[in-house]
Amino acid sequence: FKMLDLPKKSNDELYQMGETFNEMMGQLESNYEKQEQFVSNASHELKTPLTVIESYASLLKRRGMEQPELFHESVDAIHSEAIRMRELTEQLLNLARNDQQWSLNKEDISLADLVKASVRSFTNAFNREIELTIDHNPVIHTDGQKLKQLLYIFLDNARKYSEDKIMVSIKQVDESAVVAITDKGIGIPAADLPKVFNRLYRVDKARTRKSGGFGLGLSLAKEIADAIDANIKLESIEGLGTTATISFGLVKSH
Ligand code: ADP
């Protein structure tokens, strides 16, 4: 990227345009760096399971026939690493798809009905208790599928990082409808909180590797929220739990 060399003193329009141009180039450059970092992190994430698969496969070739326990261990490892790779590629594809097409399908939706349906299917899929409190039921003009995707990301994190009951509520706060998803889990350290929306950011890689997270959920959540004009926020206290909120302005939602 090449910056413009601006004449020192002039402060006319041309100078200002040049300055704006330089600002834009700076922005582009930092986006480009982020993109590069993302590609390199993603490749690394894919390489790790591939290396495990490769070494177990070669072990199987050499000694798999003679040693049945080795055979089972290798097949199990290959199987679980392959699942992990499939999940990661699925999530990456999901992100790429979302980057390209943000065609929205907005309709009038009963917020309570949508949240109820999402909670029901989540409970069925994961067999986790969710307590739902509905104090407010506005009709919202938004993309229902995308909102479900958003809810799912927060519910899934609550499930992964806590063991107790998950709480979901819909309330009116000032001029907004607010859906809150609260867990009493491990929480997020204050220093990490501003970074968890970055792509591939995880608080503790060793800890999350077991539960299967790649650090992509919240970055996707941010993009979805921007697209459907929702505000999302995470509040968390390490060791006590986390509350994620999704809010919609009630006045200007049409
Ligand atoms: P992941 O797929 O790893 O969960 P996310 O982008 O959804 O990725 O979240 C980024 C990181 O933020 C997670 O790795 C986890 O460390 C932290 N995190 C997100 N939600 C919660 C939560 N409800 N409780 C504790 N930690 C969380």
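The structure contained in this document is the topic of the report that follows. Predicted, not measured: the structure shown is a model, and the values here were computed from it.

Description of the overall build of the chain
Looking only at helices and strands, one finds six helices and seven strands in the chain. Tracing the chain from N to C terminus, the helices and strands come up as α-α-β-α-β-β-α-β-β-α-α-β-β. By sequence separation, contacts in the chain at least 24 residues apart represent 69% of the contacts at least 6 residues apart. When the accessible surface of the chain is summed, it comes to about 15,600 Å², and 53% of that surface belongs to carbon and sulfur atoms.

Digging into the environment of G18
Turning to its location among the elements, G18 is positioned in helix 1 (residues 13-63). G18 sits in the buried class, given a relative accessible area of 5%.

With respect to the site of the ligand
In the neighbourhood of the ligand, 20 residues make up the surrounding shell, with N157, Y161, D183, G215 and L218 lying closest. With respect to the ligand, the backbone of F214 contributes an N or O atom lying 3.2 Å from an oxygen atom. A distance of 3.3 Å separates a nitrogen atom of the ligand from a polar atom in the side chain of T242. Here the ligand, which alone exposes 530 Å², has 97% of that area covered by the protein. Secondary-structure elements contributing two or more residues to the shell around the ligand are helix 4 (144-160), helix 5 (205-211) and helix 6 (217-227). The residue makeup of the shell around the ligand, split by class, is nine nonpolar, seven polar and four charged.

Re the side chain of S236
Locating S236 in the fold gives a position in strand 6 (residues 231-237). According to the relative accessible area criterion, S236 is buried, its value standing at 17%. Within polar-contact distance, the side chain of S236 engages the backbone nitrogen of I188 at 2.8 Å. A polar contact is formed between the side chain of S236 and the side chain of T242, at a distance of 2.9 Å. The residues contacting S236, other than those within four sequence positions of it, are G187, I188, L193, G241 and T242.

Considering the pairing of strand 7 (residues 241-249)
For strand 7, the tally of buried residues reaches seven of nine residues, placing the bulk of the element in the interior. Pairing geometry for strand 5 (residues 176-183) and strand 7, over eight bridges, is antiparallel. Each bridged residue has a counterpart across the sheet, and for A177 the counterpart in strand 7 is F248. Where strand 6 lies against strand 7, seven bridges are found, and the strand directions are antiparallel. Within strand 7, the residue paired with K233 across the bridge is T245.

Some thoughts on the nonpolar core
Membership of the largest hydrophobic core comes to 45 residues, with the highest contact counts inside it found for L150, F154, I181 and I246. Ignoring any residue separated from it by four or fewer positions in sequence, one finds L150 in contact with A221, I224, A225, I228, I232 and I246.

Here we look at the pattern of salt bridges
Going through the model one piece at a time under the given rule, you end up with seven salt bridges. The shortest N-O distance in the salt bridge between R86 and E90 comes to 3.1 Å. Within this pair, R86 and its partner E90 are both found in helix 2 (residues 68-100), separated by four residues, close to a single helical turn. E90 gets classed as partly exposed once you look at its relative accessible area, which sits at 42%. With a closest N to O distance of 2.7 Å, E131 and K165 form a salt bridge. With E131 in strand 2 (residues 130-134) and K165 in the loop between helix 4 and strand 4 (166-173), the pair connects residues that are 34 residues apart, well separated along the chain. On the basis of relative accessible area, E131 is assigned to the partly exposed category, the value being 33%. You can call K165 partly exposed: its relative accessible area is 27%.

Cut-offs and rules
- Residues numbered from 1 in each chain as written.
- Predicted model: local features only at pLDDT ≥ 70, side-chain atom pairs only at ≥ 80, totals over all residues.
- Heavy atoms only, no water.
- Helix = DSSP H or I, 4+ residues; strand = E, 2+ residues; numbered from the N terminus.
- Contact = heavy atoms within 4.5 Å.
- Areas by Shrake-Rupley, 256 points an atom, 1.4 Å probe, with all protein chains shown as cover.
- Buried < 20%, exposed > 50% of the residue type's maximum accessible area, 1.4 Å probe, protein only.
- Near = heavy atom within 4 Å.
- Polar contact = N/O pair within 3.5 Å; in protein donor to acceptor, adjacent residues only side chain to side chain.
- Nonpolar A, V, L, I, M, F, W, Y, C, P; charged D, E, K, R; others polar.
- Pairing = 2+ DSSP bridges.
- Core = buried A, V, L, I, M, F, W, Y, C linked by side-chain atoms within 4.5 Å.
- Salt bridge = Lys/Arg side-chain N within 4 Å of Asp/Glu carboxyl O.

Taken by themselves, the reported measurements are silent on function.
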